[in-house]
Amino acid sequence: MDYRCAHRWAFPKWGAALEPIEETLPAPAGREVTIRVTHCGICHSDLHIQAGGFDMGGGKLSSLERAGTKLPVTMGHEIGGEVVEVGPDVTDAKVGDRVVVYPWLGCGECPTCLSGNDHLCNKGARNLGIQLPGGYSDLVRVPHERYLVPVGTLDPARAATFACAGITAYGAIRKLPEAEASDWIAVIGCGGVGMTAVALLSALSKAKVVAIDPDPAKRETAQRYGAALVVDPGSADAARTIIKATGNNVLGVVDFVGAESSSALGVAVVRRGGMVVIVGLFGGEFRCPVPMFPLKSMAVQGSYVAGLNELRELIELAQRVTLPEIPLTLRPLAEVNRSLEDLAAGRVVGRVVLQP
Ligand SMILES: [Zn+2]
Ligand SMILES: [Zn+2]
């Protein structure tokens, strides 16, 4: 195989289907590394990236183009694979290493990045699968070897999904206040990321989990991963049902939908002194009467993916603790367009992982 010729699936225009393209790679420089992709998970945020931005509410859209993202875009940020080529200054990675790639890159040089919080860098994002070519390709060039995390004994398909679904869930639940056995944590939205959070909370938290999703199949799956209670948010008086069933003891809410209705539900059910963590990027405006903040002494916290160190922790944790497994569907990379359509239509339980 020629490790200097990448075969990518990229969209040439915002909103367009992905098309195969070829790109010649220069020799890796400095501490750059080339990965042969063996697995790449499909994330719901790829639908927003493909569309060109997020719904910011009030009819406004964020724009990846205005933020400097160049076409064509090769998406795919849950990348697992094998090191096939390393730059001349690489010291730790070597050809043959099986790794997951941390994709949420910043400038790579500021104190925030050097502390492992590249995802919070203010100097300019270089995310793999958005600004830099991602894993819907046979090869990925990674700008520095430190973004590689060895998979160890994990199933490589599952480990790849940790780079976004896994750390998004892990980073969000790590922000929750310390819980006791009498507390409840509400998880709103049980797609791939939300279901991972249900599974992680069941394994790591003393609190009981209430899983909230309109899809009966997802509610049933959430129960299998440890949710003590499941609720349909579309049912009449969903908030009152949750407050009653939990004894008004929802200490934390993690909103993996991020819509006006889901954030409103989170604020309605969280107890005094509790926290609502908003993760989902469905879009809209957050509306809440200002007096609710002091009267409930509540915190509303955002969470966007997580740091490099959290990916390392999660991969270490997954090898030590048996985590319930989210259903994975493996498909060839050439089925990427069909898979994105299935995801948009809500036909995916768990995660689709592509194999170049
Ligand atoms: Zn993602
Ligand atoms: Zn930086």
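Because the structure is a prediction, the values reported are computed rather than measured.

Novice: So what exactly am I meant to see when it comes to the coordination of the zinc ion (ligand 1) here?
Specialist: Ideal geometry at a metal centre gives angles of 109.5 degrees when four donors are arranged tetrahedrally and 90 or 180 degrees when six donors are arranged octahedrally. At this site the zinc ion (ligand 1) is bound by Cys43 (SG), His77 (NE2) and Cys164 (SG), with donor distances of 2.0 to 2.2 Å. Of note, the donors binding the zinc ion (ligand 1) are all from one chain and are spaced C-x33-H-x86-C. On the criterion of sequence distance, the pair formed by His77 in the loop between β5 (60–61) and β6 (78–86) and Cys164 in helix α3 (residues 156–173) is long-range, its members being 87 residues apart.

Novice: Would you take a moment to explain the sheet that holds strand β12 (residues 229–231) for this structure?
Specialist: By definition, the strands of a sheet pair up through backbone hydrogen bonds, in either a parallel or an antiparallel sense. In space, the 6 strands of this open sheet follow the order β12-β11-β10-β13-β14-β15, with parallel pairing throughout. The sheet is open, and its two edges are formed by β12 and β15 (299–302), each paired on a single side. Each strand axis lies, on average, 20° off the axis of its neighbour in the sheet, ignoring direction. Pairing between strand β10 (residues 184–188) and strand β11 (residues 208–212): 5 bridges, direction parallel. The residue of β11 that forms the bridge with Ile185 is Val209. Strand contacts of helix α6 (residues 238–245): β10, β11, β12 and β13 (250–255), with the helix running at about 170° to β12, the strand carrying the most contacts.

Novice: What is the right way to look at the pairing of strand β8 (residues 139–142) in this model?
Specialist: Successive side chains on a regular strand alternate, one facing one side of the sheet and the next facing the other. Covered by surrounding structure in β8 are Leu139 and Arg141 together with Val140 and Val142, the residues of both alternating faces. Relative to β8, strand β3 (residues 33–41) is paired through 4 bridges, and the arrangement is antiparallel. Within the sheet, the bridge partner assigned to Ile35 lies in β8 and is Val140.

Novice: Help me understand the coordination of the zinc ion (ligand 2), please; the structure alone is not making it clear to me.
Specialist: Note on the zinc ion (ligand 2): its protein donors are Cys107 (SG), Cys110 (SG), Cys113 (SG) and Cys121 (SG). The metal-donor distances range over 2.3 to 2.4 Å. Read from N- to C-terminus, the donor residues coordinating the zinc ion (ligand 2) fall into the pattern C-x2-C-x2-C-x7-C. With Cys110 in the loop between β7 (98–101) and α2 (111–114) and Cys121 in the loop between α2 and β8, this pair connects stretches of sequence that are 11 residues apart. Under the relative-accessibility criterion, Cys110 is labelled buried at 6%.

Novice: Would you mind going over the domain arrangement of the protein with me for this structure?
Specialist: Reports of interface size often rely on the accessible area that becomes lost once the parts have come together. When its domains are assigned, the protein resolves into domain 1 (5–167 + 306–355) and domain 2 (176–302). Averaged C-alpha coordinates put domain 1 and domain 2 at centres separated by 28 Å. Between domain 1 and domain 2, the residue contacts involve 21 residues of the former and 16 residues of the latter. Approximately 1500 Å² of surface area, both sides summed, lies buried where domain 1 meets domain 2, with 70% of it carried by carbon and sulfur atoms. Here domain 1 is connected to domain 2 by 0 salt bridges. If you look at where domain 1 meets domain 2, you find 0 residue pairs in polar contact (both at pLDDT 80 or more).

Novice: Sorry if this is basic, but what is going on with a nonpolar patch on the surface here?
Specialist: Residues Phe286, Phe293 and Val300 make up a contiguous nonpolar surface patch of roughly 210 Å² in combined accessible area. Take Phe293: its relative accessible area is 31%, and that puts it in the partly exposed class.

So, how was this worked out
- Residues numbered from 1 in each chain as written.
- Chains lettered and ligands numbered in written order.
- Predicted model: local features only at pLDDT ≥ 70, side-chain atom pairs only at ≥ 80, totals over all residues.
- Heavy atoms only, no water.
- Donors = N, O, S within 2.8 Å, 3.2 Å for Na, K, Ca; no water.
- Helix = DSSP H or I, 4+ residues; strand = E, 2+ residues; numbered from the N terminus.
- Pairing = 2+ DSSP bridges.
- Axes fitted to C-alpha atoms, helices over the stretch in contact; angles between N-to-C directions.
- Contact = heavy atoms within 4.5 Å.
- Buried < 20%, exposed > 50% of the residue type's maximum accessible area, 1.4 Å probe, protein only.
- Domains from an automatic or database assignment.
- Buried area = accessible area lost by both parts, 1.4 Å probe.
- Salt bridge = Lys/Arg side-chain N within 4 Å of Asp/Glu carboxyl O.
- Polar contact = N/O pair within 3.5 Å; in protein donor to acceptor, adjacent residues only side chain to side chain.
- Patch = residues over 30% accessible without salt bridge, like charges linked within 9 Å, V, L, I, M, F, W, Y side chains within 5 Å.
- Areas by Shrake-Rupley, 256 points an atom, 1.4 Å probe, with all protein chains shown as cover.

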